[in-house]
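Breakdown of the fold
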Amino acid sequence: MTTDTTAHTATATAGTTAAAGAAPAPAPGAAGGPGTGTAAPRGAAHFLAPLVAGLFNGVMPVRLRAWDGSEAGPADAPRVVLRDRDAVRHVLARPGELGLARAYVTGALDVEGDLTDGLRRAWASVARHGTSLPGPVEAARAARALVALGVVGPPPPAPSAEAALRGRRHSRARDAAAIAHHYDAGNDLYELLLDESMAYSCAYWTSDDPGYTLADAQRDKLALVCSELGLSGGDRLLDVGCGWGSLALYAARHHGAAVTAVTLSARQRDHVADRARAEGLDGLVEVRLQHYGDVDDTGFDAVASIEMGEHVGRGGYASFARALRARLRPGGRLLLQQMSRRGRHPGGGPFIERYIAPDMHMRPVGETVGLLEDAGLEVRGVRAMREHYVRTARAWSAELERRHGELVDLVGAESARVWRLYLAGGALAFEEGRMGVDQVLAVRPDRTPHPFGHALAQGTGRATGTGGTAGSGEPSGGAR
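Residues numbered from 1 in each chain as written. Predicted model: local features only at pLDDT ≥ 70, side-chain atom pairs only at ≥ 80, totals over all residues. Heavy atoms only, no water.

Helix and strand counts for the protein chain stand at 17 helices and 11 strands. Taken across its 480 residues, the protein chain has 56% of its residues classed as buried. Total accessible area on the protein chain is roughly 18,200 Å²; 50% of this is exposed by carbon and sulfur atoms. (Helix = DSSP H or I, 4+ residues; strand = E, 2+ residues; numbered from the N terminus. Buried < 20%, exposed > 50% of the residue type's maximum accessible area, 1.4 Å probe, protein only. Areas by Shrake-Rupley, 256 points an atom, 1.4 Å probe, with all protein chains shown as cover.)

Let us now look at the sheet that holds strand 9 (residues 328-340). Spatial strand order, 7-6-5-8-9-11-10: 7 strands in an open sheet with mixed pairing. Unpaired on one side and paired on the other, strand 7 (285-289) and strand 10 (378-384) mark the two borders of the sheet. Direction aside, neighbouring strands of the sheet carry axes that sit 15° apart on average. Together, strand 5 (236-240), strand 8 (300-306), strand 9, strand 10 and strand 11 (436-443) form the strand contacts of helix 8 (residues 214-229), whose direction differs from that of strand 9 by roughly 145°. (Pairing = 2+ DSSP bridges. Axes fitted to C-alpha atoms, helices over the stretch in contact; angles between N-to-C directions. Contact = heavy atoms within 4.5 Å.)

A few words now on the pattern of salt bridges. Overall, the coordinates contain 30 salt bridges when judged by the stated rule. Across the pair Arg79 and Glu112 runs a salt bridge, and its minimum N-O distance is 3.0 Å. Of this pair, Arg79 sits in strand 3 (residues 79-82) while Glu112 sits in the loop between strand 4 (109-111) and helix 4 (115-129), and the two are 33 residues apart along the sequence. You can call Glu112 partly exposed: its relative accessible area is 37%. For Arg102, the salt bridge identified is with Glu162, shortest N-O distance 2.7 Å. Of this pair, Arg102 sits in helix 3 (residues 97-106) while Glu162 is found in the loop between helix 5 (136-148) and helix 6 (172-183), placing the two residues 60 residues apart along the sequence. In terms of burial, Arg102 and Glu162 fall into one category: buried. (Salt bridge = Lys/Arg side-chain N within 4 Å of Asp/Glu carboxyl O.)

In this section: the side chain of Arg341. Within the secondary structure layout, Arg341 lies in the loop between strand 9 and helix 12 (350-356). For Arg341, a relative accessible area of 6% puts it in the buried group. Within polar-contact distance, the side chain of Arg341 engages the backbone oxygen of Arg434 at 3.4 Å. (Polar contact = N/O pair within 3.5 Å; in protein donor to acceptor, adjacent residues only side chain to side chain.)

Before going further, it helps to spend a moment on the environment of Arg120. Tracing the chain through its elements places Arg120 in helix 4. Sequence separation of Arg120 and Gly425 is 305 residues, and the distance between their C-alpha atoms is 8.8 Å. Excluding its chain neighbours within four sequence positions, the residues that come into contact with Arg120 are Arg394, Leu428, Glu431 and Glu432.

Further remarks concern the pairing of strand 8. For strand 8, a buried count of 7 out of 7 residues is recorded, marking the element as mostly surrounded by other parts of the structure. Direction of pairing for strand 8 relative to strand 9: parallel, over a ladder of 6 bridges. Looking at the pairing, Phe300 lines up with Leu328 of strand 9. Handedness of the crossover is the feature at issue here: the chain leaves strand 8, passes through helix 11 (residues 317-327), returns alongside strand 9, and the resulting connection is right-handed. (Right-handed = clockwise from strand over helix to strand, strands pointing away.)

Attention shifts here to the confidence of the model for the protein chain. Summarising the model, the protein chain shows a mean pLDDT of 85, and 84% of its residues fall at 70 or more. Note that pLDDT drops below 50 for residues 449-480; the model gives that stretch 126 contacts with residues more than four away or on any other chain. (pLDDT = per-residue confidence, 0-100.)

Our next topic: a nonpolar patch on the surface. Taken together, Leu92, Val147 and Val152 make up a surface patch of nonpolar side chains, about 240 Å² in accessible area. With respect to the secondary-structure elements, Val147 resides in helix 5. (Patch = residues over 30% accessible without salt bridge, like charges linked within 9 Å, V, L, I, M, F, W, Y side chains within 5 Å.)

Now for the sheet that holds strand 4. An order of 2-1-3-4 is seen for the 4 strands of this open sheet, with the pairing classed as mixed. Strands at the two margins of the open sheet, each flanked by one partner only, are strand 2 (71-72) and strand 4. Examined bridge by bridge, strand 1 (residues 63-65) and strand 3 share 3 bridges and lie parallel to one another. Bridge pairing in strand 3 places Arg63 opposite Arg79.

Structure representation (structure tokens):
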């Protein structure tokens, strides 16, 4: 899952973007100001608050609590805690989302209460009132105040959880490193957060019954995919970007499909192979550590790619689509499940691009449809599932909070905070429509003339076009 970012963050506004300077602040040396010899009835928060408000047209989107215990801002606004001066230093070094994310991940900045709700309310305030840049006089005053508060200095180091990829973007080596950064974090981590099928993609929620769980919704998603692909015993399925094997194992177990599953993650490959052996499905499921472009097999009855197409890059998608078509037999079906977005940050934004899914590229679903058609595929239907990802992400987030202590013990405090921000921001991005997720069903045409029309010749109908139930859910920029 990923987002405007996942963090499009109003974490934003988490108050310290402030630090970039803004509205008038009491000058250092003034009575009660920082650096004076007189008793100061006001603390750091009172000097930072005008700077924050100046960036948002005089409206404070958050309430600040500073490292000295002082507080300022609307009492009913989300409370942002600046635990030490490094919170401001991170933002001064990298103004905007990345600086805020670094401050949050390191623990220098925190948001009290429900993080998703805090982000939602802060972002709504920013959307209503807008932002503005300080003029020269205001910027000078802000700089003097920041110096007097002792926050100007060398930037703190970036968190160790931040990706630092090298090499040409979307080279084979860099793609493998990008996948390893997120998906090779450890199978224990994903076993802790995901349902027992280890499906790390948007579920398909078909009930609002309190007893209906994430595991049920993921099972219904897998059943839907197999139904759209028309799988039956002996059919050959290629699962591109198979993740931890939820689809490959389900298709073999419930439909008798012969599955070839490919992934760039060694830990995923080993997990799928172990599960296939344990279930007696190793005769039906072959899992390979292999780039999709290196799959030489052809003539598959069906190809599926569940939230993997986002990772092939802007320039590589046309060849990706052609490769999927080439693996299908004439009349064979393709099912893509893929996140979509338009506007700025096709990679999800600075937080997602540094911490979750380096080099990812998302596009509007209409562009994806066009690229599939350009590759010689016939698109039969699109199922929009945005609401389902909201519900999926919330389910993952609830599990994270329930098992937070175990998560910290497993991956450390910084990585646990990355996951908390990722899931909270991701749920919000899908909730607010800044991101979508869709299933696209396509067919490799069989051009044999048929008297009753091409659709009947293919033996496939058009998919439904909505797929959404009210209040459904999100995630991941992740693997299946």
